[in-house]
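Chain residues, written in single-letter form:
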Amino acid sequence: RRQEEEQSLKALEQAVDAFDPTKAESFTDFPLSAPTQRGLKKASYTTPTDIQSRSLTHSLRGRDVLGAARTGSGKTLAFLLPILELLWRRRWGPQDGLGALIISPTRELAMQIFDVLRAVGQYHSFSAGLVIGGKNVRDEQERLQRMNILVATPGRLLQHMDQTAGFDADHLQVLVLDEADRILDMGFARTLNAIVAHLPKSRQTLLFSATQTQSVKDLARLSLKDPEYVSVREEG
Ligand code: ADP
Ligand code: MG
């Protein structure tokens, strides 16, 4: 059984290396693990959107991505899928702690991301939690220690990083900055910098934004390494 798992992981890694996005149409053509494929099917996602297919090509290979595409273009799955895949391929488990961190500008958006994660990740066994304030800090703290994937708003996350003994991001694999333009518009630039300073330098970072402003480019320069730029323009 163990050997079978090793072989299927090897096959998946080879499929990622050999992946030719020009020949991929539906999600089933993409090199994604069996639990992710099941989750996509169950949630009725069949065909990737432009931003999804064009960014997955790079993000599944571990590259940093700066993705720009309008609201409603499907950016959520463009970062959730690489998170699930990277943790799966690294055999991330309960003992490994925090593997992925998603920063979102508002509580409402964070909750939406969490719902999509629960749907598409339902056949994975990673633990996931929200850090968005409005709840008892203590409750949040306790759950924080055990999470593999966190969806957080910037202010509350920094509060925990400063205050929670045992909040440990030392082994973080992936950082996502979602709706980066909005995060910056809301005045969170310094908070973000302080958060990023708490995180390990060797990690994958995915930054998504509806617009590419100068401040988004500045943030990208500080938080991404040799990123692949993926920009989807409006039609017509
Ligand atoms: P954005 O973050 O770019 O504003 P979302 O990730 O919130 O976009 O997605 C917008 C809508 O499109 C959601 O209702 C989502 O369920 C739907 N959606 C995303 N990806 C797909 C897909 N591959 N196929 C069908 N619908 C999708
Ligand atoms: Mg979004």
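Since the model is a prediction, treat every value here as computed from it, not as a measurement.

**Student:** Got a sec to walk through the overall build of the chain? Specific residues and values, please.
**Tutor:** Within the chain, the regular secondary structure consists of ten helices and seven strands. Here the chain has a C-alpha radius of gyration of 17 Å; the compact-globule value for 236 residues is 18 Å, and the two agree. When the backbone C-alpha atoms are referred to their principal axes, the chain occupies close to 50 × 45 × 30 Å. Out of the 236 residues in the chain, the part that is buried amounts to 38%. Of all intrachain contacts in the chain linking residues separated by at least 6 positions in sequence, the fraction that spans at least 24 positions is 71%.

**Student:** Can you tell me about the sheet that holds strand 7 (residues 228–231), naming the residues and giving the values?
**Tutor:** In sheet architecture, strand pairing relies on hydrogen bonds along the backbone and comes in two forms, parallel and antiparallel. Pairing is parallel in the open sheet, where seven strands are placed in the order 3-4-2-5-6-1-7. Because the sheet does not close on itself, it has two edges, and the strands there are strand 3 (128–131) and strand 7. When the angles between neighbouring strand axes are averaged without regard to direction, this sheet yields 15°. Here strand 1 (residues 65–68) runs beside strand 6 (residues 204–209); their pairing, made up of four bridges, is parallel. Within the sheet, the bridge partner assigned to Gly67 lies in strand 6 and is Phe208.

**Student:** Please give an account of the UniProt feature "short sequence motif: Q motif" (unreviewed entry) in the chain that cites residues and values.
**Tutor:** Mapped onto this numbering, the UniProt entry gives "short sequence motif: Q motif" (unreviewed entry) at residues 25–53. With 45% helix and 0% strand, residues 25–53 has its two end C-alpha atoms placed 9 Å apart.

**Student:** Would you mind going over the nonpolar core in detail, with residue names and values included?
**Tutor:** If you look at the biggest cluster of nonpolar residues, it comprises 59 residues, and the most contacted ones within it are Ile102, Leu150 and Ala152. Excluding residues that lie within four positions of it along the chain, Ala152 makes contacts with Leu101, Ile102, Ile103, Ala110, Val131, Ile132 and Leu157.

**Student:** Outline helix 2 (residues 34–42), supporting the account with residue identities and numerical values.
**Tutor:** All buried positions along helix 2 are accounted for by Thr36, Gly39 and Leu40. Projection of helix 2 onto a plane perpendicular to its axis shows the buried side chains occupying an angular sector of 100°, all on one side. Away from the buried face of helix 2 by more than 90 degrees, exposed residues Ala34 and Lys42 are located. The positive-phi residue at the C-terminal boundary of helix 2 is Ser44, with phi of around 65°.

**Student:** So what's going on with the site of ligand 1? Residues and values would help.
**Tutor:** Within the structure, ligand 1 sits among 13 residues, and Thr71, Ser73, Gly74, Lys75 and Thr76 are positioned closest to it. Per-element accounting of the shell around ligand 1 gives the leading share, three residues, to helix 4 (residues 75–89). Partitioned by chemical class, the residues of the shell around ligand 1 number four nonpolar, eight polar and one charged.

**Student:** Lay out the packing of helix 9 (residues 189–197) against helix 10 (residues 214–223) in plain terms, naming residues and giving numbers.
**Tutor:** In the contact formed by helix 9 and helix 10, the axes pass within 11 Å of each other and the chain directions differ by 10°. Taken together, the axis directions place helix 9 and helix 10 in an arrangement best described as roughly parallel. Of helix 10, the residues touching helix 9 (which contributes Ala189, Leu192, Asn193 and Val196) are Ser215, Leu219, Leu222 and Ser223. Grouping the constituent residues of the contact of helix 9 with helix 10 by class yields five nonpolar, three polar and no charged.

**Student:** Could you give an account of the confidence of the model for the chain, with specific residues and numbers?
**Tutor:** Overall, the prediction assigns the chain a mean pLDDT of 93, with 99% of residues at 70 or greater. Here the complex is predicted with pTM 0.96, and the ipTM for its interfaces comes to 0.99.

**Student:** An account of helix 4 is needed here, citing residue identities and associated values.
**Tutor:** With 15 residues, helix 4 extends 22 Å from end C-alpha to end C-alpha; this agrees with the ideal 21 Å at 1.5 Å per step. Note on helix 4: the residue one or two positions beyond its end, Arg91, has a positive phi of about 55°.

**Student:** Lay out the pairing of strand 4 (residues 149–152) with the relevant residues and their values.
**Tutor:** The side chains of a regular strand alternate, first on one face of the sheet and then on the other. Burial along strand 4 is two-sided: Ile149 and Val151 and Leu150 and Ala152, pointing in opposite directions, are all buried. Where strand 2 (residues 100–103) meets strand 4, four bridges bridge the pair, whose relative direction is parallel. Of the residues in strand 4, the one forming a bridge with Ala100 is Ile149. Here strand 3 pairs with strand 4 via four bridges, running parallel. The residue of strand 4 that forms the bridge with Gly129 is Leu150. For the crossover that starts at strand 3, traverses helix 6 (residues 137–144) and ends in the parallel strand 4, the hand is right-handed.

Cut-offs and rules
Residues numbered from 1 in each chain as written. Chains lettered and ligands numbered in written order. Predicted model: local features only at pLDDT ≥ 70, side-chain atom pairs only at ≥ 80, totals over all residues. Helix = DSSP H or I, 4+ residues; strand = E, 2+ residues; numbered from the N terminus. Rg over C-alpha atoms; globule rule 2.2 N^0.38 Å. Buried ≥ 20, exposed ≤ 12 C-beta atoms within 10 Å, placed from the backbone. Contact = placed C-beta atoms within 7 Å. Pairing = 2+ DSSP bridges. Axes fitted to C-alpha atoms, helices over the stretch in contact; angles between N-to-C directions. UniProt positions renumbered as here; feature names shortened; annotations may be inferred. Core = buried A, V, L, I, M, F, W, Y, C linked by C-beta atoms within 7 Å. Arc of directions from axis to C-beta. Near = placed C-beta within 6 Å. Nonpolar A, V, L, I, M, F, W, Y, C, P; charged D, E, K, R; others polar. Parallel < 35°, antiparallel > 145°, perpendicular 65-115°, else oblique. pLDDT = per-residue confidence, 0-100. Expected span 1.5 Å × (residues − 1). Right-handed = clockwise from strand over helix to strand, strands pointing away.

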